[in-house]
There are 2 protein chains.
Amino acid sequence: MRIGDLAARSGLTTKTIRFYEQAGLLPEPPRTSGGYRDYSDEAAARLAFVREAQSAGLTLAEIRSLLTLRDSGQVPCAQVTRLIDEHLAEIEERLRELRRTRRTLRTLATRAAETDPAECAEAGVCTILGPIP
Amino acid sequence: MRIGDLAARSGLTTKTIRFYEQAGLLPEPPRTSGGYRDYSDEAAARLAFVREAQSAGLTLAEIRSLLTLRDSGQVPCAQVTRLIDEHLAEIEERLRELRRTRRTLRTLATRAAETDPAECAEAGVCTILGPIP
DNA sequence: CTAGACCTTCCAGTGCGCTGGAAGGTCAAG
DNA sequence: CTTGACCTTCCAGCGCACTGGAAGGTCTAG
């Protein structure tokens, strides 16, 4: 399978696949006589794994470490579990932050709805943005 | 007021303040005879505005456009309102995405708890990460 | 006079995950 | 033989908001 086929099958671009190889996520495949990369189905499975892990919020560096571990013959269950837990905690934190920001924005939106532009003109500044009590 | 005082007062670093000046968020202040930047209290107010807008999720580019507008004597209420609404929509979208990711991770965590490492060893791969039904 | 706290400029790098483009090689169809 | 789709490498840049470091200038206290 050539890189274009693999790209079509995995939903990535050829650029991204070469980048993944370069980044150590995908081993260098054999080449055809013409110098083209020649992938097996295993490569597609590996890319599927990468996508899956990525959609779970793991970084490429983390995914690489899992794959390296796996390639070395070890079973990375414990690491996978740990990463999942860490990411869950991170996600919760980001959710808290986003909700905080949303609260701020909603306060501002309310204020904007109640603000008379004339008031801003008076102040010489838009008074919408300003200290949130 | 020198840059260090302004930094202390605004909670930013001197590096960041120079960066903001360079980025067009803060006008070039007058200099002392020794060449040091000499800030007025207005600069502190401006930085407070920047921080406030930033904590509402606006990008520096957006904040710059608001400030430029304001500096030109216009009252940017309408723009502020529009930006707030846009950012609220963005935040909602990010929240949805994060919740989706959290669901994925929770599924994985459950699976991890139920998975017998022996099973993985058999498969030669950690089976935790894999298609989410 | 000197130490050291603070300031100046300029250039470059961080992290993350790609993405773009140039210059050229390979291969199958017409 | 040519066209055009596909492939190769290499280098560079994006977006965002800073951050680091080198090399040097200034000011104040002791």
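See above for the structure.
Quick caveat: nothing in here was measured; it's all calculated off a predicted structure.

A. Looking closely at the overall build of chain A. Scanning chain A for helices and strands turns up six helices and zero strands. Beginning at the N terminus, the succession of helices and strands in chain A can be written as α-α-α-α-α-α. Sorting the 133 residues of chain A into buried and exposed places 25% on the buried side. A sequence separation of at least 24 residues applies to 42% of the contacts in chain A between residues at least 6 apart.

B. Quick peek at the protein's contact with DNA strand C. In the region of DNA strand C, 19 residues are neighbours, and Gly34(A), Leu60(A), Arg2(B), Gly4(B) and Arg37(B) sit closest. When contributions to the surface near DNA strand C are tallied by element, the ones reaching two or more residues are helix H2 (14-22) and helix H4 (60-71) of chain A together with helix H1 (3-10) and helix H2 (14-22) of chain B. Looking at the surface near DNA strand C element by element, the count peaks at three residues for H2(A). Looking at side-chain class alone, the surface near DNA strand C contains five nonpolar, ten polar and four charged residues.

C. Seen up close, the protein's contact with DNA strand D. Near DNA strand D you find 19 residues, and of these Arg2(A), Gly4(A), Arg37(A), Gly34(B) and Leu60(B) are the closest. For the surface near DNA strand D, the leading source of residues is H2(B), giving three residues. Residues belonging to the surface near DNA strand D are distributed by class as follows: five nonpolar, ten polar and four charged.

D. How the structure looks around the packing of helix H5 (residues 77-114) of chain A against helix H5 (residues 77-114) of chain B. Running from amino to carboxyl end, H5(A) crosses H5(B) at an angle of 160°, the nearest separation of the two axes being 9 Å. Between H5(A) and H5(B), the crossing angle belongs to the class labelled roughly antiparallel. You can see that H5(A) and H5(B) cross each other, and the crossing is left-handed. Its residues assigned to classes, the contact of H5(A) with H5(B) shows 20 nonpolar, six polar and six charged.

E. Focus on helix H3 (residues 41-55) of chain B. All names here are of chain B. The end-to-end C-alpha separation of H3 is 21 Å, in line with the 21 Å expected for 15 residues at 1.5 Å each. Each element contacted by the buried residues of H3 is listed here: H1, H2 and helix H4 (60-71). In the stretch just after H3, Gly 57 is the one whose phi turns positive, near 90°.

F. Quick look at the environment of Ala45(B). Residue and element names in this part refer to chain B. Looking at the secondary structure, you find Ala 45 in helix H3. Take Ala 45: there are 12 C-beta atoms within 10 Å of it, and that puts it in the exposed class. The sequence separation of Ala 45 and Ser 10 amounts to 35 residues, and the corresponding C-alpha distance is 8.7 Å.

G. The arrangement of the packing of H1(B) against H3(B) in detail. Residue and element names in this part refer to chain B. In the contact formed by H1 and H3, the axes pass within 10 Å of each other and the chain directions differ by 40°. When the axes of H1 and H3 are compared, the pair comes out oblique. Note on packing geometry: the crossing formed by H1 with H3 is right-handed. The residues of H3 that touch H1, namely those facing Leu 6, Arg 9 and Ser 10, are Ala 43, Ala 44, Leu 47 and Ala 48. Looking at the contact of H1 with H3 residue by residue, the class counts come to five nonpolar, one polar and one charged.

H. View of the environment of Glu62(B). Residue and element names in this part refer to chain B. On the secondary structure map, Glu 62 appears in helix H4. Residue classification places Glu 62 among the partly exposed positions, given that 18 C-beta atoms sit within 10 Å. For the pair Glu 62 and Val 80, spaced 18 residues apart in sequence, the C-alpha to C-alpha distance is 9.5 Å.

Definitions and cut-offs
Residues numbered from 1 in each chain as written. Chains lettered and ligands numbered in written order. Predicted model: local features only at pLDDT ≥ 70, side-chain atom pairs only at ≥ 80, totals over all residues. Helix = DSSP H or I, 4+ residues; strand = E, 2+ residues; numbered from the N terminus. Buried ≥ 20, exposed ≤ 12 C-beta atoms within 10 Å, placed from the backbone. Contact = placed C-beta atoms within 7 Å. Near = placed C-beta within 6 Å. Nonpolar A, V, L, I, M, F, W, Y, C, P; charged D, E, K, R; others polar. Axes fitted to C-alpha atoms, helices over the stretch in contact; angles between N-to-C directions. Parallel < 35°, antiparallel > 145°, perpendicular 65-115°, else oblique. Left-handed = near helix turned anticlockwise from the far one by under 90°. Expected span 1.5 Å × (residues − 1).

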